[in-house]
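# Structural features, examined
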Amino acid sequence: MASNRSEMSVGRKVLAGAAMVGAAAAIVPHAFHRYYPTEWLLVTFAGVLALAGVGLTRTSLAAQVLSRGAAWVMLAPAAMATAASAVGRGSFNVEAAGFTAALGAALLLARPLLHTARAKEEFAPKVFRRWFLGGSTATAAAGIVASGVALATISNGSYSVGASFGALALSLFASAIAVVRMRAWGVLLGAVTSIALVVSGLFLGRSEAMALALFAAPALLMHTLPVLVARWRSPDASSRTRIADESALSSAYAPAHVRVAVDDVDELGEPAAAGPRAHAAIPS
């Protein structure tokens with residue numbers, strides 16, 4: 001029975017990885033055109049998606065989060081294109097539907113790896129475990145998009161903008177991985193990065209501000225907000241006032257019984273010899 005369960009688990013992982021690699025392979029032909037230059041950025045993203053397919057077969061939560069983030073970067077637009085073609089009067093987008101089915105199946109097949117005994121031992125927050133995992137996945141997806149923007153802008157000669165988005169991508173990746181590794185600084189890094197993005201958007205146009213807000217949303221809403229809610233629901237025990245009862249006070253402040261000898265009588269009961277009296281110190 002145990003061997004059958006392990007084989008079934010391996011089969012699910014292989015199918016999930018194969019679905020992701022298949023979706024990546026379907027992207028590659030779109031990068032090569034007969035009359036246009038090769039779109040190397042699309043080739044790079046196909047390679048990232050293929051690596052994510054391998055990552056979906058791993059038991060590490062960090063690999064799972066990064067791989068699922070890459071899958072969602074492609075699944076979200078593919079699902080929207082499929083829905084639009086189904087609702088619209090045009091022809092149904094079979095290719096987008098195939099991407100949606102393949103990536104959705106990969107995510108569903110690999111989902112149990114997020115909740116195995118090893119995964120729960122590796123990542124065991126007291127509350128909001130699923131919410132934190134979703135936040136790390138969304139943050140990783142935002143990091144992948146930021147990496148794509150960095151590569152695109154650098155290839156167009158905008159090196160300063162590309163470097164800024166590259167730094168943003170590194171910060172988002174570090175925050176996503178640190179959170180699933182139970183590092184408190186991961187939440188702090190995500191919060192600081194997101195606040196900086198929101199503040200920067202105030203000095204830009206509406207579209208740029210909206211784009212930066214989308215980058216900031218996962219860390220703020222799915223990492224920082226749950227921490228604030230958890231602290232509000234469970235205040236620190238040290239902040240509560242403890243009032244002791246009378247019995248506790250009596251035991252805490254029990255009077256000390258001190259034996260005081262009469263100066264004029266020595267230890268044998270005889271009168272003490274004449275001389276200066278010694279004043280013994282009485283402990284309080």
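In what follows, the accompanying structure is described. Model, not experiment: these values are computed from the prediction. (Residues numbered from 1 in each chain as written. Predicted model: local features only at pLDDT ≥ 70, side-chain atom pairs only at ≥ 80, totals over all residues. Heavy atoms only, no water.)

Helix and strand counts for the chain stand at 10 helices and zero strands. In sequence order, the chain lays out its α and β elements as α-α-α-α-α-α-α-α-α-α. The buried share of the chain, reckoned over its 284 residues, is 30%. Taking all contacts inside the chain whose residues are at least 6 apart in sequence as the whole, residues at least 24 apart take part in 62%. By element, 66% of the accessible surface of the chain is carried by carbon and sulfur atoms, the whole surface being about 18,500 Å². (Helix = DSSP H or I, 4+ residues; strand = E, 2+ residues; numbered from the N terminus. Buried < 20%, exposed > 50% of the residue type's maximum accessible area, 1.4 Å probe, protein only. Contact = heavy atoms within 4.5 Å. Areas by Shrake-Rupley, 256 points an atom, 1.4 Å probe, with all protein chains shown as cover.)

Now for the nonpolar core. Within the largest apolar cluster, 22 residues are counted, with the highest numbers of intra-cluster contacts made by M20, I27, L49, L56, M74, F99 and L103. Of all the secondary-structure elements, those providing two or more residues to this core are helix 1 (2-27), helix 2 (40-55), helix 3 (61-87) and helix 4 (94-110). Among the elements that take part in this core, helix 1 stands out by supplying six residues, more than any other. Not counting the four nearest positions on each side in its chain, L56 is found in contact with A16, M20, Q64, S67, R68, A106, A110 and L113. (Core = buried A, V, L, I, M, F, W, Y, C linked by side-chain atoms within 4.5 Å.)

With that settled, the discussion passes to the packing of aromatic side chains. The description of an aromatic ring pair rests on the distance of the ring centres and on the angle between the ring planes. Summed over all chains, the structure comprises two aromatic pairs. Judged by centre distance (6.3 Å) and plane angle (85°), the ring pair of F32 and W40 falls under edge-to-face. By relative accessible area, which is 56% here, W40 ends up exposed. (Phe/Tyr/Trp six-rings, centres within 6.5 Å; stacked < 30°, edge-to-face > 60°.)

Once that is clear, we can look at a nonpolar patch on the surface. Nonpolar side chains collect at one region of the surface, where I195, V199, L202 and F203 lie side by side and expose about 470 Å² of accessible area between them. Among the secondary structure elements, V199 is positioned in helix 8 (residues 184-201). Taking relative accessible area as the criterion, V199 reaches 41% and is therefore assigned partly exposed. (Patch = residues over 30% accessible without salt bridge, like charges linked within 9 Å, V, L, I, M, F, W, Y side chains within 5 Å. Salt bridge = Lys/Arg side-chain N within 4 Å of Asp/Glu carboxyl O.)

Relative to the assigned elements, A63 resides in helix 3. Spatially, the C-alpha atoms of A63 and I177 are 8.8 Å apart, while their sequence positions differ by 114 residues. Apart from the residues lying within four places of it in its own chain, the contact partners of A63 are G55 and R58.

Over its 17 residues, helix 4 runs 24 Å from end to end, which matches the ideal 24 Å to within 8%, given 1.5 Å per residue. For helix 4, the N-terminal capping position is held by N93, with its side-chain oxygen 3.4 Å away from the main-chain nitrogen of E95. (Expected span 1.5 Å × (residues − 1). Polar contact = N/O pair within 3.5 Å; in protein donor to acceptor, adjacent residues only side chain to side chain.)

This part covers the packing of helix 2 against helix 3. Orientation of helix 2 relative to helix 3, taken along the N-to-C sense of each, is 135°, at an axis distance of 8 Å. Taken together, helix 2 and helix 3 sit at an angle that is classed as oblique. The interaxial crossing formed by helix 2 with helix 3 has left-handed handedness. On helix 3, the residues touching F45, V48, L49, A52 and G55 of helix 2 are A63, Q64, S67, A70, A71, V73 and M74. In terms of residue class, the contact of helix 2 with helix 3 is built from nine nonpolar, three polar and no charged. (Axes fitted to C-alpha atoms, helices over the stretch in contact; angles between N-to-C directions. Parallel < 35°, antiparallel > 145°, perpendicular 65-115°, else oblique. Left-handed = near helix turned anticlockwise from the far one by under 90°. Nonpolar A, V, L, I, M, F, W, Y, C, P; charged D, E, K, R; others polar.)

Geometric values such as these leave the question of function open.
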